[in-house]
Amino acid sequence: MAIALLFLGFIVLLLIGVPVAYALAAASLLVLLVLDLPSIVLVQQVGAGIGTASLIAIPLFIFAGELMMRGGISERLIALAAALVGRIRGGLGQVSILSSLFFGGVSGSAIADVSAVGGTMIPQMVKRGYDRDFAVNVSITGALVALLVPPSHNLILYSAAVGGGISIADLFAAGIFPALLMTVTLMFTGYLVARRRGYGVETFPGMRAVLLRLVSALPGLGLVALIFIGIRAGVFTAVESAAVAVVYALLVTVAIYRMLDWSAFRQAVAHAARTTGVILFVIATAALFGWLLAYLEVPAAAVELIGALADNRYTVLLVIAAILLLLGTFMDLAPMILICTPIFLPVAKAFGVDPLHFGVVLVLAGGIGLVTPPVGSVLFVGAAIGKIGIGESLKSIWPFWLAALAVLLVVTTFPQLSLWLPALFRA
């Protein structure tokens, strides 16, 4: 009865438009009252939810990404991508996807990626004769790559939801190859769609221009190397790397690019503060929700239920991935990670699934939900930038959506795609 009340209350509140954090808190409080548990539990679990030291990395990485976005890095990454892949069929679409890979490593956020890259590329594609639906769809699905490349906020959230015992450096390494696979798959899909619609190609600027643009973009790309190599080599922790990233971002945007003025700096501070506040509020309320799940023995029930539906780790992962895809249609990624990890990770581990592999599957499946209605935050942002209706975008998004789904199935079925790189770095 309490379990049904918890989930039903949460879903109903979401459906009537209550923000996720408030829906989590209200549903949890209702169950606490029904179970006659002390109200102090709410305060304790909310405080404990944001008391993890590793979460300090999230606001710092968000701030570093804001600084780089406003300090000229996105323009240089787009210029580099244009030089590398612009001559492929549907050139600007290819540029958008590859730019998302580059910028995702700086921002670690799909919404930041579609705002920065999509905000530049979508109007350019429309101006050059590309259909608006193609411009929006290629940009929003390309933004999914940002979920898996360092410094992915979502992988840090997953590490916090696990409760320790899993390396953030290993998680970053586990996401790299699936991110590259997603990039190549979406670029191939974009090529096929562009060829069918008769889109043109961009003029190759020459090797000298490629080298010049690479040199110009290197300081920005160096942030990714600094974060990943620094953590991997044990020079600093994830939190320390986030602090270093902020200092590095300031040096690059102020001293090298010289594009971050006082007004842009204040905008970066304000936007990072708002984003951090939203994320931490969701984390705090999701911690209370997760505590109730454990108290009501939901993970054990999930192990028993899914065990009855599947008999090996591959079918278990496919069942979980299908559930996550369904949840992603109405739940944003951050609360999904925080709620679903304590439910499904014990199930996966009971069937021998590596937590690193499960984390990549969880983030990837939830990420596809970001471009799926009715919530689909990335879908809504991209459609707003492209000045197009959601329905019009959805009519032609299916080739890109199916391509992303195919990558999810491949990554789910072949765990070594996620695990070989962390194992290589540990060797």
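Residues numbered from 1 in each chain as written. Predicted model: local features only at pLDDT ≥ 70, side-chain atom pairs only at ≥ 80, totals over all residues. Heavy atoms only, no water.

As named in an unreviewed UniProt entry, the protein chain is TRAP transporter large permease protein, taken from Luteimonas salinisoli. The Sequence similarities (unreviewed entry) comment attached to the protein chain in UniProt states, word for word, "Belongs to the TRAP transporter large permease family." UniProt annotates the protein chain under Subcellular location (unreviewed entry) with the comment "Cell inner membrane". (UniProt positions renumbered as here; feature names shortened; annotations may be inferred.)

Caption draft 1: Molecular detail of the packing of helix H4 (residues 57–70) against helix H12 (residues 238–256). Relative orientation of the contacting elements H4 and H12 amounts to 15°, with a least axis distance of 8 Å. Looking at the two axes, H4 sits roughly parallel to H12. The hand of the H4/H12 crossing is left-handed. Contacts between H4 and H12 pair Ala-57, Leu-60, Phe-61, Phe-63, Ala-64, Leu-67 and Met-68 from the former with Ala-238, Val-239, Ser-241, Ala-242, Ala-243, Ala-245, Val-246, Ala-249, Leu-250, Val-252 and Thr-253 from the latter. (Axes fitted to C-alpha atoms, helices over the stretch in contact; angles between N-to-C directions. Helix = DSSP H or I, 4+ residues; strand = E, 2+ residues; numbered from the N terminus. Parallel < 35°, antiparallel > 145°, perpendicular 65-115°, else oblique. Left-handed = near helix turned anticlockwise from the far one by under 90°. Contact = heavy atoms within 4.5 Å.)

Caption draft 2: Representation of the layout of surface pockets. Approximately 360 Å³ is the volume attributed to the second largest pocket. In terms of lining residues, the second largest pocket is bounded by 20 residues, among which Phe-7, Ile-323, Leu-327, Ile-343 and Phe-344 are the most central. The element that contributes the greatest number of residues to the lining of the second largest pocket is helix H14 (residues 298–309), accounting for six residues. (1 Å grid on protein atoms, 1.4 Å probe; cavity = no way out; pocket = protein on both sides within 12 Å on 5 of 7 lines; lining within 4 Å. Points joined across faces, edges and corners; volume = space filled by probe spheres on them.)

Caption draft 3: Layout of the environment of Leu-55. Tracing the backbone shows Leu-55 in the loop between helix H3 (40–49) and H4. When the C-alpha positions of Leu-55 and Ile-343 are compared, they lie 21 Å apart, and in sequence the two are 288 residues distant. If we skip the residues at most four places from it in the chain, Leu-55 touches Gly-49, Ile-50, Leu-157, Ala-160 and Ile-283.

Caption draft 4: Main features of unusual backbone geometry. With an omega of 5°, the peptide bond running from Pro-150 to Pro-151 counts as cis. Relative to the elements of secondary structure, Pro-151 occurs in the loop between helix H8 (132–142) and helix H9 (153–162). At Asp-36, a position not held by glycine, the phi torsion is positive, near 60°. Take Asp-36: it is sitting in the loop between helix H2 (20–34) and H3. With a phi angle near 55°, Arg-258 is a residue other than glycine that sits in the positive phi range. In this fold, Arg-258 is placed in the loop between H12 and helix H13 (262–295). Overall, Arg-258 belongs to the exposed group, its relative accessible area being 72%. (Buried < 20%, exposed > 50% of the residue type's maximum accessible area, 1.4 Å probe, protein only.)

Caption draft 5: Seen up close, the environment of Ala-243. Positionally, Ala-243 belongs in helix H12. Residue classification places Ala-243 among the partly exposed residues on the basis of a relative accessible area of 33%. With 182 residues separating them along the chain, Ala-243 and Phe-61 place their C-alpha atoms 7.8 Å apart.

Caption draft 6: Quick look at the pattern of salt bridges. Using the criterion set out here, one finds three salt bridges in the structure. For Arg-70, the salt bridge identified is with Glu-66, shortest N-O distance 2.1 Å. On the criterion of helical spacing, the pair formed by Arg-70 and Glu-66 is a turn pair, its members being four residues apart in helix H4. On the basis of relative accessibility, which here comes to 24%, the residue Arg-70 falls in the partly exposed class. One salt bridge in this structure joins Asp-131 and Arg-197, with 3.1 Å as the shortest N-O distance. Taken together, the residues span a long stretch of sequence, with Asp-131 in the loop between helix H7 (110–127) and H8 and Arg-197 in helix H10 (residues 168–197) at a distance of 66 residues. Since its relative accessible area comes to 36%, Asp-131 is described here as partly exposed. Beyond isolated ion pairs, a larger network of salt bridges with shared partners links Asp-131, Asp-133 and Arg-197. (Salt bridge = Lys/Arg side-chain N within 4 Å of Asp/Glu carboxyl O.)

Caption draft 7: Quick peek at helix H11 (residues 207–232). Considering bend angle alone, the principal kink of H11 is centred on Leu-218 and spans about 50°; proline Pro-219 follows within four residues of it. Listed in full, the buried residues belonging to H11 are Ala-209, Val-210, Ala-217, Pro-219, Gly-220, Leu-221, Leu-223, Val-224, Ile-227, Phe-228, Gly-230 and Ile-231. Of the residues one or two after H11, Gly-234 is the one with positive phi, at around 80°. (Bend = angle between axes of the 7 residues up to and from the residue.)

Caption draft 8: Representation of the environment of Trp-398. Locating Trp-398 in the fold gives a position in helix H20 (residues 398–413). The partly exposed category is assigned to Trp-398, whose relative accessible area is 48%. The spacing of Trp-398 and Asn-137 is 261 residues in sequence and 9.1 Å in space, taken between C-alpha atoms.

Caption draft 9: Just the nonpolar core, in detail. The biggest cluster of nonpolar side chains holds 150 residues, and the ones touching the most others in it are Phe-10, Phe-134, Leu-324 and Phe-358. For Phe-10, the contacting residues outside a window of four places in its chain are Val-20, Ala-23, Leu-24, Ala-27, Phe-289, Met-331 and Ile-339. (Core = buried A, V, L, I, M, F, W, Y, C linked by side-chain atoms within 4.5 Å.)

Caption draft 10: Up close: the packing of aromatic side chains. Applying the stated rule across the entire model yields twelve aromatic pairs. Considering the side-chain rings of Phe-63 and Phe-265, the 6.1 Å spacing of their centres and the 65° angle between planes classify their relative orientation as edge-to-face. On the criterion of sequence distance, the pair formed by Phe-63 in helix H4 and Phe-265 in helix H13 is long-range, its members being 202 residues apart. An aromatic cluster is defined as three or more aromatic residues linked by ring pairs; in this entry it consists of Tyr-130, Phe-134, Tyr-199 and Phe-400. The positively charged end of Arg-76 is found above the aromatic ring belonging to Tyr-257, 3.9 Å away from the centroid. (Phe/Tyr/Trp six-rings, centres within 6.5 Å; stacked < 30°, edge-to-face > 60°. Lys NZ or Arg CZ within 6 Å of the ring centre and 35° of its normal.)

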